[in-house]
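Next come the chains, spelled out residue by residue.
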Amino acid sequence: MLRLYACLAAFVGVLVAPFLLQGWFRERSLERPEETGEVLELRIITPHNQDIRRVFEPAFSDWHRSHFGRGVAITYLSPGGTNDIVRYLRDLYGTYRDAQGKLLPEEQVNSGIELVWGGGDYAFERDFKPFLKPMLLSPGVLAAAFPRADLAGVALFDPEAVAGSAGPRWVGVVLSSFGLVYAPDFYAALRLPPPDSWSDLARPELSGLLALADPTRSGSAAVSYMMVLQRAMESAERGWLREHPELGYSEAQLELRPADERLPSYQEALARGWKEGMRTLLLMAANARYFADSGSRPCVDVGDAEAAAGVAIDFFARVFQDQIGKRRITYRAPRGATAITPDPIGVLYGTRGERELLANRFVEFLLSPDGQRLWNLEAGRSPYIARSLRRMPVRRDVYVDRSGWADDENPFETAQGFNLRQRWMRQLGRLVPIWGAAWIDGKPELDRAYAAVLAVRDPERRERLRQRLSDVPIELSELMRPAGAAAAGQEDARLRTARERMDWSERFRSHYLRVLQAATEAD
Amino acid sequence: MSRWLRSGWLRERVLGPNPRHGAIAIALLLLLLVVLIWPLLEVLAAGFLRSDGGFTSEYLRLVLANPVVTRGLLKATLIASATTLLALGLALPLAVISTRFEFSGRALLSSLLLVPMVLPPFVGAIGMRLLLGRFGTLTQLLGAGAGRGVDWLGTLRVYGVVGVEALALYPVIFLTLRAALAHVDPLLERAAANLGATRWTVFRRVTFPLVRPGLFAGCTLVFIWSFTELGTPLMFHVYDVTSVQVFTQIVEVENPLPYALVVVMLVGSSALYVVGKVLFGRHIRAAGSKSATASAPHVLRGVPALFARAPLVLVLALALLPHLSVLLTSVSATGAWYRSLVPREFTAAHYLSALQDDLIMPAASHGPLQLGAVGNSIVYAGTATALGVVMASGISLIVVRSRVPWRGLLDVLSVLPLAVPGLVMAFGYLSISVQCRRWLGDATPAWLDVQRFPVVLLVVAYATRRLPYVVRSAVAGLQQVPEDYERAAANLGASPARVVWRIVLPLVFASLLAGALMAFVFAMLEVSDSLILAQSARYFPITRAIWELSQRLGDGLYVASALGVWAMVLLTLTLVLAGTLLGKRLGAMFRP
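S.K.: Describe the overall build of chain B, naming the residues involved and giving the relevant values.
M.R.: What chain B contains, in helices and strands, is 26 helices and two strands. For chain B, the C-alpha radius of gyration of 25 Å lies close to 25 Å, the compact-globule estimate for 592 residues. In terms of overall dimensions, chain B has a C-alpha envelope of 85 × 75 × 55 Å along the principal axes. Counting over 592 residues, chain B shows a buried share of 59%.

S.K.: Quick rundown of the packing of aromatic side chains? Include the residues and the values.
M.R.: All names here are of chain A. By the definition in use, this model includes 35 aromatic pairs over all chains. For the ring pair Phe 60 and Trp 63, a centre distance of 5.8 Å and an interplane angle of 25 degrees mean the geometry is stacked. Of the two residues, Phe 60 and Trp 63 are both situated in helix 2 (residues 50-68); the distance of three residues between them amounts to about one turn of the helix. Of the two residues, Phe 60 and Trp 63, neither departs from the other in class, the shared state being buried.

S.K.: I'd love a proper account of the side chain of Ser 414 of chain B, names of residues and values included.
M.R.: Of note, Ser 414 of chain B is situated in helix 19 (residues 407-415). A distance of 2.8 Å separates the side chain of Ser 414 of chain B from the backbone oxygen of Asp 411 of chain B, its partner in a polar contact.

S.K.: Can you lay out the interface of chain A and chain B for me, pointing to particular residues and giving the numbers?
M.R.: The interface is formed by 91 residues belonging to chain A together with 84 residues belonging to chain B. Interface area, chain A with chain B, both sides summed: about 7900 Å², of which 55% is carbon and sulfur. Where chain A meets chain B, there are four salt bridges. Salt-bridge contacts for Arg 387 of chain A lead to Asp 555 of chain B; the nearest nitrogen and oxygen are separated by 3.2 Å. In this assembly, chain A and chain B are joined by twelve residue pairs in polar contact (both at pLDDT 80 or more). Per-element accounting of the side of chain A that touches chain B gives the leading share, 13 residues, to helix 1 (residues 2-25) of chain A.

S.K.: Can you tell me about the pattern of salt bridges, naming the residues and giving the values?
M.R.: Any two side chains of opposite charge can pair, so long as their charged atoms come close to each other. All names here are of chain A. One pass over the structure, following the stated rule, counts 55 salt bridges over all chains. Linking Arg 297 and Asp 301 is a salt bridge whose minimum nitrogen-to-oxygen distance equals 3.7 Å. Taken together, the positions of Arg 297 and Asp 301, both in helix 10 (residues 297-303) and four residues apart, correspond to about one turn of that helix. The burial state of Arg 297 is the same as that of Asp 301; both residues are buried. Across the salt bridge formed by Glu 506 and Arg 509, the nearest N and O atoms sit 2.9 Å from each other. With Glu 506 and Arg 509 both in helix 20 (residues 493-520) and three residues apart, this pair spans about one turn of that helix. The structure contains a network of salt bridges with shared partners spanning Asp 314, Arg 318, Asp 322, Arg 390, Asp 407 and Glu 409.

S.K.: Please set out empty space enclosed by the protein residue by residue, giving values where relevant.
M.R.: A probe as big as a water molecule, rolled over the atoms, marks out the empty space that is left. One pass over the structure, following the stated rule, counts 13 cavities of 30 Å³ or more. Of the voids in this model, the largest cavity is the one considered here, and its volume is about 630 Å³. If you trace the largest cavity, you find 35 residues lining it, with Arg 297 of chain A together with Ile 126, Arg 129, Ser 550 and Leu 557 of chain B closest to the centre. Taken together, the elements giving at least two residues each to the lining of the largest cavity come down to strand 9 (288-292), helix 10 and helix 11 (314-324) of chain A together with helix 6 (121-131), helix 12 (231-235), helix 25 (542-551) and helix 26 (556-582) of chain B. In terms of residue count, helix 6 of chain B provides more of the lining of the largest cavity than any other element does, six residues in total. Among the residues forming the lining of the largest cavity, the class breakdown is 17 nonpolar, twelve polar and six charged. What the second largest cavity holds in volume is close to 110 Å³. Taken together, Asp 304 and Glu 306 of chain A together with Arg 129, Leu 130, Gly 133, Arg 134, Phe 135, Gly 136, Trp 337, Tyr 338, Arg 339 and Ser 340 of chain B make up the lining of the second largest cavity. Residues belonging to the lining of the second largest cavity are distributed by class as follows: four nonpolar, three polar and five charged.

S.K.: Go over the side chain of Ser 388 of chain A with me, naming the residues and quoting the values.
M.R.: All names here are of chain A. Structurally, the position occupied by Ser 388 is in the loop between helix 13 (369-373) and strand 13 (392-393). Since its relative accessible area comes to 13%, Ser 388 is described here as buried. Polar side-chain contacts of Ser 388 include one of 3.0 Å to the backbone oxygen of Leu 377. Looking at Ser 388, its side chain comes within polar contact range of the main-chain nitrogen of Arg 390, at 3.3 Å.

S.K.: Outline the environment of Arg 335 of chain A, listing residues and values.
M.R.: In this structure, Arg 335 of chain A sits in the loop between strand 11 (330-332) and strand 12 (340-348). Each C-alpha atom, one on Arg 335 of chain A and one on Ser 197 of chain A, is 7.2 Å from the other, the two residues being 138 residues apart in sequence.

S.K.: Give a detailed account of helix 18 (residues 459-470) of chain A, specifying residues and quantitative values.
M.R.: In an α-helix, one full turn covers 3.6 residues, which means residues spaced three or four apart are oriented alike. Residue and element names in this part refer to chain A. For helix 18, with twelve residues, the first-to-last C-alpha span of 16 Å sits near the 16 Å given by 1.5 Å per residue. When helix 18 is considered as a whole, its buried residues turn out to be Arg 461, Leu 465, Arg 466, Leu 469 and Ser 470. Where helix 18 starts, the residue carrying a side-chain oxygen 3.2 Å from the main-chain nitrogen of Glu 460 turns out to be Asp 458.

S.K.: Summarise the packing of helix 9 (residues 264-287) of chain A against helix 16 (residues 428-441) of chain A; cite the residues concerned and give the values.
M.R.: Residue and element names in this part refer to chain A. Axis separation between helix 9 and helix 16 bottoms out at 11 Å; the angle between their running directions is 40 degrees. Regarding the angle of helix 9 to helix 16, the classification is oblique. By crossing handedness, the relation of helix 9 to helix 16 is classed as right-handed. Along its contact with helix 9, which presents Trp 274, Met 278, Leu 281, Leu 282 and Ala 285, the element helix 16 presents Leu 431, Trp 435 and Trp 439. The residue makeup of the contact of helix 9 with helix 16, split by class, is eight nonpolar, no polar and no charged.

S.K.: Report on the pairing of strand 2 (residues 71-77) of chain A, specifying residues and quantitative values.
M.R.: All names here are of chain A. Of all seven residues in strand 2, six are buried; the element is thus mostly enclosed. For strand 1 (residues 39-45) and strand 2, the ladder comprises seven bridges, and the chain directions are parallel. Looking at the pairing, Ile 45 lines up with Leu 77 of strand 2. Of the crossover connections in this fold, the one passing from strand 1 over helix 2 to the parallel strand 2 is right-handed.

S.K.: Would you mind going over the confidence of the model for chain B in detail, with residue names and values included?
M.R.: All names here are of chain B. Looking at chain B as a whole, its pLDDT mean stands at 81, while 90% of the residues score no less than 70. Of all secondary-structure elements in chain B, the lowest mean pLDDT belongs to helix 1 (residues 2-15), at 64, while helix 18 (residues 372-401) reaches the highest, 91. Scored as a complex, the prediction yields pTM 0.82 and ipTM 0.77.

Rules used throughout
- Residues numbered from 1 in each chain as written.
- Chains lettered and ligands numbered in written order.
- Predicted model: local features only at pLDDT ≥ 70, side-chain atom pairs only at ≥ 80, totals over all residues.
- Heavy atoms only, no water.
- Helix = DSSP H or I, 4+ residues; strand = E, 2+ residues; numbered from the N terminus.
- Rg over C-alpha atoms; globule rule 2.2 N^0.38 Å.
- Buried < 20%, exposed > 50% of the residue type's maximum accessible area, 1.4 Å probe, protein only.
- Phe/Tyr/Trp six-rings, centres within 6.5 Å; stacked < 30°, edge-to-face > 60°.
- Polar contact = N/O pair within 3.5 Å; in protein donor to acceptor, adjacent residues only side chain to side chain.
- Contact = heavy atoms within 4.5 Å.
- Buried area = accessible area lost by both parts, 1.4 Å probe.
- Salt bridge = Lys/Arg side-chain N within 4 Å of Asp/Glu carboxyl O.
- 1 Å grid on protein atoms, 1.4 Å probe; cavity = no way out; pocket = protein on both sides within 12 Å on 5 of 7 lines; lining within 4 Å.
- Points joined across faces, edges and corners; volume = space filled by probe spheres on them.
- Nonpolar A, V, L, I, M, F, W, Y, C, P; charged D, E, K, R; others polar.
- Expected span 1.5 Å × (residues − 1).
- Axes fitted to C-alpha atoms, helices over the stretch in contact; angles between N-to-C directions.
- Parallel < 35°, antiparallel > 145°, perpendicular 65-115°, else oblique.
- Left-handed = near helix turned anticlockwise from the far one by under 90°.
- Pairing = 2+ DSSP bridges.
- Right-handed = clockwise from strand over helix to strand, strands pointing away.
- pLDDT = per-residue confidence, 0-100.

This is how it looks when you write it as structure tokens:
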């Protein structure tokens, strides 16, 4: 009985301990004064991490109180990553469709969420836009924040709004770039030179040492792989332009005449470039230790030396570098091979009246100079910043004075001219499941084939087999071909999706097994 | 006349001889249909319905024809089989030693052997990462820290999954075996010994056949658990097993395959459960009758006691490694456990960060209704446990005491959650919320809308998922109570409700409480429901908060570990309480 009472006392003690200790240890400096008076509520669905959310809620509340007399409490919904949010919104708005599948008039829609924030410009253009409504920003806000509508050809806000026909459905509020992270310690032990380009991640010495994220789970990873692909396509395009000086294009010119784009030789050049990019990606996939389910995971793996290198978003890498030092993790943007893209925000369809006003004010706050600086101020430089976010503002004019910033960089000066082309991005929707089939479903066979190839002693034969492995069993023309029966609405779209994924898996697995067989045959 | 006979026949078939019992059974059945079957149907429907709403079996056919999926099923089966065998190999000698021998420290060690069950899954992953990292503790111990190190988590992943699962699940077999051994009549063993049988022959020919039902019950549970386990394969990045394939594909838009795969998982798990129940269910009751005289354990001292203690200590040391790693991570300075046996620098800062973090312990300025992750978990798990106890009390009364003809169906339904992956149930509840919005629009009550107020669905999900433990504990307790007491009270004029309140419940209180404590433990550790249903930080339970923290760059993993240590200590004490209350009968709640 004594033992029972002792256990019970210990159980109760441990249960209440956090509540008792909290009062003693909570830092008074971080205590915000209790909200008095009416507080408005704003609901935002976002994949942003806790650090970002914790900075902007109190900052916006204080800004709103100082401008309009009332504070704001933000409720964040975090169902997961970008794909999870897409699914969530599709399910949610699915309840507000008529018999023809069209969205009901706005006054009949009450989604309960005002804003979607973060996930990348590609996701906003492709997946979120059907659920967004034009913003009602105050006059001059857009022009002041974006004196130019693009950065090195990448739109900083909704391209359909550039012509001035309607308010933008999304605006970028912060910039991201994608690059390489590597562990200098580990590279020194491997006696490898630091990586400088995407193709450096495909070298065979990195077998089992590369940290990559799953493109079907991480939107940012999908965009970063798209960069590799587009870089290769653009290289092929430039090669073609050099072979055809009679067409009169300059090196800096990015837009070709439609007639020239239809030339068979141009299409072939693009296809070769695309194939080359896919080769690089496949060899990277072969080097991958595994495919993480989030875009931040590669930084953790490289920082802990579980992997020697990886692909990561810039700010993830910078924050890690702050914490554990440059010897353990260093970030590099491949020169001329990465794009700087905006991370947007949008007002959701169905947001009306006071809530719409409040949602637009949040956007205006994010675009204001004070709101923009919060993205890169050092810890302690603002009462809202306990830990620097290390992200680059989207507003060009705030870079004039970077005092107190964690990073002394100006992406508007360093943008290299390489850009992500929106018309090439359209293939991403079909590419992601193919990548999933090739790299995720087929990973065991890919690993076996690659191990067999690397075990071949003859260097020339090994290289031939490596090239054969990376010769992906798909052409660009096949990817761009419209879907068959489903396009005519004759087949269940879900069935077609499932069957396609299976077919792709089988095609890639067969390819890997053929290479495996060739590699294990005696010379 | 025939119509009256027919209605009486129907009433007998539906309500049984006691209409009151029949009414309670119907109410419980309806409740289980709503909280268990409805979410399952929502998910299953997605595997059989086309975009236009028509039925199709094509998805199922595609799944079964997909070599990637069938390979995943095969791998999951192999992992589950290996896990079960290894867990059995660990648990069998431990159970025999802890029941048949008495030595100093036996009670404490036997209690500690259950501690592996209380480790929050993600935090265990953190612990094992640093322990088995390429340049982690194990590599440093072996002196292999140069060059590429040893990628334990890369090359030996599947073995790692089996090892970690076996070390986490052996307590289930240990408990069921210990309970079964406690029920073996010692006179049978003595009789065999008197006839000249050696100890090994007695064990092989007498003891083992008698405990075999309990043994297979525990093994069935471990197999199903391992087969549907998500956290451990994810931790080791083994993505080509069924549970992870479902998890990774179920979040893809427009992909119906994972739902069809869930059907396959459910059929497989349910079939295994039914086979185990049919083959060994009758024998469990036959072997479960308590002997009149208890078998006195053999007292060991000195060297024999050391030999008896050794296996317990060894298994305990292995099983507690993840816990130790989590503890060390929680006191390691950020990034200080790198290429070293233990952290190079220690700090208590992460505990302070946890106490000051609004996600975990919000400031008073946020108002009394913002409990934080710690408060949320206690409220959710506590409420779910209370709900589970009420349901389990009713189900056990019907299953054990009533003559309702279809009471076996209630029994089966109450343990069905054991065979259903948590992820499936979570998406089922989410689908229910979406459906309600579709039907009711703006009139949808807040408690049915996961966006606005997910608490009710979270509590129901927790209660349903952990119902089997409370039911099994209540059934085991009620089976120990002679019906004569209730008949005597009834004969003295007590109403049925008074008999239950004054006679039955006090006698089964210890079993109910122990089952409730176990349900509380597992509800606190619930992952899938927490990840899917708790979408607003205000309503995050501990597991979701740990997940969020682990995504935070920098010290997130360390603060998550600090929170994990608190959870581990609390849940360990809960287990010890349950063990103190039930003793060897704790194993009864793990019988399917």
